[in-house]
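Architecture and fold: a report
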Amino acid sequence: MRERLLAAEKVKAIEWKEGVLHLLDQRLLPMQEVWLTYDSASGVAEAIRQMVVRGAPAIGISAAYGVVLGARARQQAGEDWLQTLDEDMQMLAESRPTAVNLFWALNRMRERLKRLKPGEEALAALEAEAVAIHESDREANLTMAQLGVELIRKHGDGVQTLLTHCNTGALATGGFGTALGVIRAAHLEGLVDKVFADETRPWLQGARLTAWELAGEGIPVTLNADAAAAHLMKTGNISWVIVGADRITANGDVANKIGTYQLAVNAMHHGVRFMVVAPSSTIDMNLTSGEDIPIEQREGRELLEIGGVRIAAEVDTVNPVFDVTPADLIDAIVTERGVVERPTAEKMAALMNRKRLH
């Protein structure tokens with residue numbers, strides 16, 4: 001299946017060319033496709049903060065390239081850059097607080113510096129590590145896509161109707177996608193009748209990004225308001241809710257885009273299976289449960305305005321970007337290491353002791 005998946009790949013959001021990071025500005029999609037270029041760590045940190053690039057894996061990959069840019073700038077300035085580079089890493093770490101892939105990627109870059117051999121060129125080693133992080137994420141997505149399809153086959157017969165939330169495709173990753181990667185693979189296997197895509201307020205990642213990705217590949221997609229999801233589960237013959245994750249804790253609790261928790265509650269009530277698809281870099285075994293996950297709060301104008309135009313009354317706002325879905329509402333977590341059905345702390349520990357499958 002891998003070659004068929006590669007042949008179907010059409011979208012990418014991150015490019016590293018000739019020592020410069022190129023990012024597709026996801027704030028402008030689907031109306032405009034604009035690529036921005038970055039040659040500094042501070043620029044990459046701001047791109048992450050301002051949602052030019054989003055999606056946990058894509059944020060981690062971009063941060064890794066940001067470390068390379070920071071190292072090169074400090075080296076050219078004649079600094080003792082191996083000592084001062086940590087300032088750039090800290091700046092990148094502070095750009096978004098919830099997605100653990102960001103911190104995983106930065107720690108991997110730190111560890112690569114610690115493994116430098118005598119005489120090894122540090123900047124070249126960092127660049128190779130960032131490229132490896134990028135390529136590894138893409139390969140993980142291809143593996144997860146195949147595992148997710150096997151899971152759909154295991155628990156159902158024939159073509160099925162799916163529902164997804166936010167954007168978990170090639171735009172959010174190093175390529176192909178996590179949850180959307182599974183949906184793409186299922187469509188290639190003739191298992192998908194229709195995909196419902198939540199609009200995903202307030203940034204409308206489902207309406208702007210997921211619908212755009214799926215429609216561009218000829219996958220039958222129907223856009224719905226977030227509040228319509230429970231009604232669709234009751235009346236729309238949905239078999240699976242398939243979502244990504246920004247952080248998964250040691251007991252299998254999952255932080256994902258705001259609105260995911262209520263999807264899981266409604267799925268349980270309506271007998272709809274709930275699948276989380278994320279690379280093992282999203283799993284934070286240092287946190288016992290979802291109660292320990294820091295939840296990013298963004299400014300209220302994201303609720304009060306659309307495209308800079310005021311749409312709401314002058315009121316207070318609350319704008320959490322993520323929520324936490326307890327493990328007991330999740331049917332399966334799919335990673336490149338394997339699948340955990342009905343996750344528990346014991347099953348998550350066993351998963352993390354396995355080798356990657358790709």
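Residues numbered from 1 in each chain as written. Predicted model: local features only at pLDDT ≥ 70, side-chain atom pairs only at ≥ 80, totals over all residues. Heavy atoms only, no water.

Another aspect to go through is the overall build of the protein. Check the secondary structure of the protein and you find twelve helices and 16 strands. Relative to its length of 358 residues, the protein is compact, with a C-alpha radius of gyration of 20 Å against a globular reference of 21 Å. The principal-axis extent of the C-alpha atoms belonging to the protein is close to 65 × 50 × 40 Å. The buried share among the 358 residues of the protein stands at 55%. Contacts in the protein between residues far apart in sequence, at least 24 positions, make up 73% of those at least 6 positions apart. (Helix = DSSP H or I, 4+ residues; strand = E, 2+ residues; numbered from the N terminus. Rg over C-alpha atoms; globule rule 2.2 N^0.38 Å. Buried < 20%, exposed > 50% of the residue type's maximum accessible area, 1.4 Å probe, protein only. Contact = heavy atoms within 4.5 Å.)

The next point concerns the sheet that holds strand S8 (residues 247–249). Spatial strand order, S11-S8-S9-S14: four strands in an open sheet with mixed pairing. One side of each edge strand has no neighbouring strand; the edge strands of this open sheet are strand S11 (283–284) and strand S14 (322–325). One ladder, built from two bridges, connects S8 with S11; its direction is parallel. By the bridge assignment for S11, Ile248 is matched with Ile283. (Pairing = 2+ DSSP bridges.)

The subject of this paragraph is the sheet that holds strand S5 (residues 192–198). The strand order S6-S5-S4-S7-S10-S15-S16 describes an open sheet built from seven strands, whose pairing is mixed. Because the sheet does not close on itself, it has two edges, and the strands there are strand S6 (221–224) and strand S16 (338–341). Ignoring strand direction, the axes of neighbouring strands in this sheet form an average angle of 25°. The pairing of strand S10 (residues 273–277) with strand S15 (residues 332–335) spans three bridges and is parallel. By the bridge assignment for S15, Met275 is matched with Ala332. (Axes fitted to C-alpha atoms, helices over the stretch in contact; angles between N-to-C directions.)

Attention now moves to helix H4 (residues 81–93). Given 3.6 residues per helical turn, the α-helix brings residues three or four places apart onto the same face. In this model, H4 (13 residues) spans 18 Å end to end at C-alpha, consistent with the 18 Å of a helix rising 1.5 Å per residue. Of the residues making up H4, those classed as buried are Trp81, Leu85, Asp88, Met89, Leu92 and Ala93. Buried positions in H4, seen along its axis, are confined to an arc of 135° and lie on one side of it. Away from the buried face of H4 by more than 90 degrees, exposed residues Gln83 and Glu87 are located. (Expected span 1.5 Å × (residues − 1). Arc of directions from axis to C-beta.)

Along S15, one buried face is formed by Ala332 and Val334 and the opposite face, lined by Ile333 and Thr335, is buried too. Sheet topology places S15 next to S16; four bridges connect them, and they run antiparallel. Looking at the pairing, Ala332 lines up with Glu341 of S16. What sits between S15 and S16 in their antiparallel hairpin is a turn of two residues.

Note on pairing: side chains with opposite charge can pair once their charged atoms come close. Counted under the stated rule, the structure contains 24 salt bridges. The salt bridge partner of Lys17 is Glu15, with a shortest N-O separation of 3.6 Å. Residues Arg301 and Glu299 are paired through a salt bridge, measuring 3.1 Å at the closest nitrogen-oxygen approach. Counted as one network, the salt bridges with shared partners bring together Arg96, Glu296, Arg298 and Glu302. (Salt bridge = Lys/Arg side-chain N within 4 Å of Asp/Glu carboxyl O.)

Bringing the side chain of Arg247 into the picture now. Note on placement: Arg247 falls in strand S8. Looking at Arg247, the relative accessible area reads 6%, which means it is buried. Here the side chain of Arg247 touches Thr98 through a polar contact of 2.9 Å, landing on its backbone oxygen. (Polar contact = N/O pair within 3.5 Å; in protein donor to acceptor, adjacent residues only side chain to side chain.)

As a further point, take the UniProt feature "site: Transition state stabilizer" (unreviewed entry) in the protein. Per the UniProt record, "site: Transition state stabilizer" (unreviewed entry) is found at Cys166. Mapped onto the secondary structure, Cys166 falls in the loop between strand S4 (160–164) and helix H7 (179–188). For Cys166, a relative accessible area of 7% puts it in the buried group. The contacts of Cys166, once residues within four sequence positions are left out, are Arg54, Thr200, Gln205, Gly206, Thr210 and Lys257. (UniProt positions renumbered as here; feature names shortened; annotations may be inferred.)

Next up on the list: the environment of Asp331. Within the fold, Asp331 resides in the loop between S14 and S15. Accessibility expressed as a relative area gives 15% for Asp331, which makes it buried. Expressed as a C-alpha distance, the spacing of Asp331 and Asn167, which sit 164 residues apart in the sequence, is 20 Å. Asp331 has contacts with Val272, Arg273, Phe274, Val340, Glu341, Arg342 and Pro343, leaving out every residue within four places of it along the chain. There is a polar contact of 2.8 Å between the side chain of Asp331 and the backbone nitrogen of Phe274.

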